[in-house]
Amino acid sequence: MNSSRFAAINNKFRVSNVFHRALAPAALTLASICAGPAAHAQYIYVTDSGTNSILQISVVTGVKTTFASSLSNPRGIAVDAAGNVYEADSGSGTIFKFDKYGTKTTFKSGLGVGQMNGLAVDSTGVVYEAESTANLIRKFTAAGVLSTTYNTLLNTPQGLAVDASDNLYEADNGTGTIFKYTSLGSKSNYSTANQVPGAYGMDVDSTGKLYVSETTGPILKFTAANTASTFETGASVKGLAFDNSNNLYSVEGTTIVKATTSAVRSTFSSGFTAPQFAAFSSVPEPGVTALGTGTCAMVGMAFLRKKKTRKD
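Quantities reported herein were computed from a predicted structural model and do not represent experimental measurements.

Engineer: How do you make sense of the environment of Thr 255 when you look at a structure like this?
Structural biologist: Within the secondary structure layout, Thr 255 lies in strand β22 (residues 255-259). On the basis of relative accessibility, which here comes to 19%, the residue Thr 255 falls in the buried class. The sequence separation of Thr 255 and Thr 267 amounts to 12 residues, and the corresponding C-alpha distance is 7.2 Å. When neighbours within four sequence positions are excluded, Thr 255 is seen to be in contact with Ser 250, Thr 267, Ser 269 and Ser 270.

Next comes the structure, spelled out in structure tokens:
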């Protein structure tokens, strides 16, 4: 491809001069143009039982949109590694699954109507669901098959979280205790009894520290079993979620508050009716590369068309 042909393609498809300067004509291939790490969409998902919806808020722009509506008392929410969103629909006794485009399917039905709370998904796609009145935690395979029920000495279980080793943590609201389960189901006390009165939401940061909210008190940070300190003092705190930079998002009243790793607080999003739990997602956007879908498509089309009609 000579320089005049490259210039024609550049004018016709409005390819940026950056590519003209950076890529020699002989090296112009679709692979070289579109190579690069995939772009990631970063969102906080929040269930709002007041509007029976799931809200999606961009971590980058703060723009809030409705991800799902016409639900029935949505409570717990979790996101798997592929970006699928799971919602505990307490009013219908159902766990719904949404792909990242919002397409809804039933993951599991026939559960505790009016008592579903926390959800969590581990790295293998196993889903955990807490029910506060029945005082149990259900464990489902990635296909939605019930495999185990944990119901020994639980009292109003609320939030759930999993760490990088797929250990499960449960906020036992009635006893103010945090329980820990290994992936094989072995249970232990992660906190002492009544160490976290009003325990509700929880999440684990990238360093393995567990954060737990209290509906009537502060957010606690656990660096190890039974070793807790006050991270920040919020008001009526419910769900918690971390982003990729270990910023913590907390559901407080009708507002989502963002706290940096040094506990500097700011209002992230407001205007909710009755927000409950939150979850974070960071997944590659399909077809998006470092240079962007549109650019790759235009340059690739230009290259392939010229290659097809070349006569020499």
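After that view of the structure, there is still more to cover.
Engineer: Just checking my understanding: could you explain the pairing of strand β21 (residues 248-252) for this structure?
Structural biologist: Regular strands show a simple pattern: their side chains alternate between the two faces of the sheet. Of all 5 residues making up β21, 5 are buried, and the element is well covered by its neighbours. With burial as the criterion, each face of β21 is covered, one bearing Leu 248, Ser 250 and Glu 252 and the other bearing Tyr 249 and Val 251. Both strand β20 (residues 237-242) and β21 contribute to a ladder of 4 bridges, which runs antiparallel. Of the residues in β21, the one forming a bridge with Leu 240 is Ser 250. A loop of 5 residues connects β20 with β21, the two strands running antiparallel in sequence, and Asn 246 in this loop sits at a positive phi of about 65 degrees. In terms of strand pairing, β21 meets β22 through 5 bridges, oriented antiparallel. Note on β22: the bridge partner recorded for Leu 248 is Ala 259. A loop of 2 residues connects β21 with β22, the two strands running antiparallel in sequence, and Gly 253 in this loop sits at a positive phi of about 65 degrees.

Engineer: Where do I start with the confidence of the model for the chain in this structure?
Structural biologist: Any segment with low pLDDT has predicted coordinates that should not be analysed in fine detail. On average, the chain scores 84 in pLDDT, and the residues at 70 or more come to 79%. In the model, residues 3-36 has pLDDT below 50 throughout and makes 41 contacts with residues more than four positions away in sequence or in other chains. Overall, residues 287-312 carries pLDDT values under 50, and its contacts beyond four positions in sequence, including any with other chains, amount to 38 contacts.

Engineer: Any chance you could explain the sheet that holds strand β5 (residues 85-89) here in plain terms?
Structural biologist: Strands belonging to one sheet form pairs held by backbone hydrogen bonds; the direction of such a pair is parallel or antiparallel. Strand order in the open sheet made by the 4 strands is β4-β5-β6-β7, with antiparallel pairing throughout. Two strands in the sheet have a free side with no partner beyond their single neighbour: β4 (74-79) and β7 (104-108). Between one strand axis and the next, the sheet turns through 30 degrees on average, direction left out of account. When strand β6 (residues 94-98) meets β7, the two strands line up antiparallel, connected through 4 bridges.

The rules we used
- Sequence order as written defines the numbering, with residues in each chain counted from 1.
- The model is predicted, so local features are restricted to residues of pLDDT at least 70 and side-chain atom pairs to those at 80 or more, both for listing and for counting; the totals for chains, interfaces and linings are taken over all residues.
- The basis for the side-chain values is all heavy atoms of the structure; hydrogens and waters are excluded.
- Working definition: helices are DSSP H or I runs of at least four residues, strands are E runs of at least two. Numbering for both runs from the N terminus.
- Each residue's exposure class comes from its accessible area (1.4 Å probe, protein chains only) as a fraction of the maximum for that residue type: buried when under 20%, exposed when over 50%, partly exposed otherwise.
- In this description, contact between two residues means that some pair of their heavy atoms is separated by no more than 4.5 Å.
- The rule for pairing is simple: two strands pair if DSSP sees at least two bridges between them.
- As a per-residue quantity, pLDDT reports the predictor's confidence and falls between 0 and 100.
- Convention adopted: a line fitted to C-alpha atoms gives each axis, helices being fitted over their contacting stretch, and angles between N-to-C directions are expressed from 0 to 180 degrees.

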